[in-house]
Amino acid sequence: MKLKIAVLSGDGIGPEVTHEAIKTLNAISKTFGHTFEYHEAAVGAIAIDEFNDPLPEATLTVCKTTDAVLFGAIGHPKYDNDPSAPVRPEQGLLKLRKELGLYANIRPTTMYAKLADQSPLRPERIAGVDLTIYRELTGGIYFGEKKLSDDKTFASDLCSYSEQEVERIAVMAFKSAQNRRKKLTLVDKANVLETSRLWRRVVTELGKQYPDVALDFLFVDNAAMQLILNPAQFDVIVTENMFGDILSDEASVLGGSIGLAASASVGDKHSMFEPIHGSYPQAAGKGIANPVASILSAAMLLEHFDLYDEAALIKAAVTASIDQGISTQDVVAGSNYSTKDVGNFVEHYILKQEAPVAGLDNVTIGSSTII
Ligand code: IPM
Ligand code: MG
């Protein structure tokens, strides 16, 4: 298969982790005979610095004319302390989601047996956890009308949803549940919000077309609690934009580190794949960032194009790296393994279809002979 991939590595650790994801994709293309073509473009704080625009027109064009986007991270401390700055890196990401029509954000939570002790929850609580959140990504309070009175003493953000916006992501979530454990939970706040009551009505109606999927409902405050008390009860969760933002960060750490959590954002025409973590500026350039979330986002990209064997091989490589303790320090305290070491291990595993024989020395030797 030939795929044109836009690469928007962005800020902070974005470029380092994306580099390892591309190494992984190259190992896959070599092994399976695919052609992946990369088109780099600027986004976020670096794009503001260079073009005074977090999403320059040229970047948007690259994204619209390629098959998929591989995204790194955006954000820089110089903007974080000034929420009223007129131009902010996040605007680039939000505009990209809207312009590409990426209405469904899919965030799986994967547990690794080896990391059971890393979870903030006791091992018996996380046993059997395997859940995926479908977060609506282009509507709700994020994109509703924003107001600030002239004297700046009053502000409002409008939360609105149409039936069609709810239905299209709910269809995806039902289909996903059909291919998994056949359970779908709608998270809302239908005891308070009109938009939530709309979600409930639309999802309930749609559920009649998926009789094999057990549908249930949870208020968002209870869902936040249940994710900690009994996360194994969940299969697929579908929810609106802001609830999904918050719950997916909560779910992402159940596995031990947000550095492992990948995501896909898809619409009818375009798709984008990105780690859940942010730009982690404190770690930028130090070689300590975990590339696994980015590498697994590349695996989700391949799955999106039905390249399941390829994605499975990436996942096997990642699991092997974790099993052998070849992980960065967010996962293994005090680890000396770098971003690059983890990427080298994964690359080697894919090219040889086996783990390097004995730890890091071999990884380095293996990759240098390969490159
Ligand atoms: C995410 C992030 C973004 C969001 C920010 C950076 C705007 O937190 O992708 O979850 O809130 O959607
Ligand atoms: Mg978030």
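Residues numbered from 1 in each chain as written. Chains lettered and ligands numbered in written order. Predicted model: local features only at pLDDT ≥ 70, side-chain atom pairs only at ≥ 80, totals over all residues. Heavy atoms only, no water.

Student: Hey, could you run me through the pattern of salt bridges in this one?
Tutor: Scanning the model with the defined rule gives 20 salt bridges in all. Linking R97 and E274 is a salt bridge whose minimum nitrogen-to-oxygen distance equals 3.8 Å. Of the two residues, R97 is situated in helix 5 (residues 89-99) and E274 in strand 12 (residues 271-275); the sequence distance between them amounts to 177 residues. Judged by relative accessible area, which is 5%, R97 ranks as buried. By relative accessible area, which is 5% here, E274 ends up buried. With a closest N to O distance of 3.2 Å, K146 and D157 form a salt bridge. Remark: D157 occurs in strand 7 (residues 155-157) and K146 occurs in strand 6 (residues 146-148); sequence separation between them is 11 residues. (Salt bridge = Lys/Arg side-chain N within 4 Å of Asp/Glu carboxyl O. Helix = DSSP H or I, 4+ residues; strand = E, 2+ residues; numbered from the N terminus. Buried < 20%, exposed > 50% of the residue type's maximum accessible area, 1.4 Å probe, protein only.)

Student: Is there a simple way to explain the packing of helix 1 (residues 14-32) against helix 12 (residues 308-323) in this structure?
Tutor: Angle between the axes and distance between the axes: these two values describe a pair of packed helices. Running from N to C, helix 1 and helix 12 cross one another at 130°; their axes reach a closest spacing of 11 Å. If you check the angle between helix 1 and helix 12, you find them oblique. Regarding helix 1 and helix 12, the two cross each other, and that crossing is right-handed. Across from T24, I28 and F32 in helix 1, the residues of helix 12 making contact are D309, E310, L313 and I314. Residue composition of the contact of helix 1 with helix 12, grouped by class: four nonpolar, one polar and two charged. (Axes fitted to C-alpha atoms, helices over the stretch in contact; angles between N-to-C directions. Parallel < 35°, antiparallel > 145°, perpendicular 65-115°, else oblique. Left-handed = near helix turned anticlockwise from the far one by under 90°. Contact = heavy atoms within 4.5 Å. Nonpolar A, V, L, I, M, F, W, Y, C, P; charged D, E, K, R; others polar.)

Student: Looking at this structure, how should I read the sheet that holds strand 10 (residues 236-239)?
Tutor: Two modes of strand pairing occur in sheets, parallel and antiparallel, and in both the strands are linked by backbone hydrogen bonds. Reading across from one edge, 2-1-3-12-11-4-5-10-8-9 is the order of the 10 strands in this open sheet, with mixed pairing throughout. In this open sheet, the two strands that pair with only one neighbour each are strand 2 (35-40) and strand 9 (214-219). Shown here is a sheet whose adjacent strand axes are inclined to one another by a mean of 25°, direction ignored. In this sheet, strand 9 lies alongside strand 8 (residues 183-188) in parallel orientation, the contact comprising six bridges. Across the sheet, residue K183 finds its bridge partner in strand 9, namely A214. Along the sheet face, helix 5 touches strand 1 (2-10), strand 3 (68-73), strand 4 (104-109), strand 5 (131-136) and strand 12 and points at about 150° away from the line of strand 12. (Pairing = 2+ DSSP bridges.)

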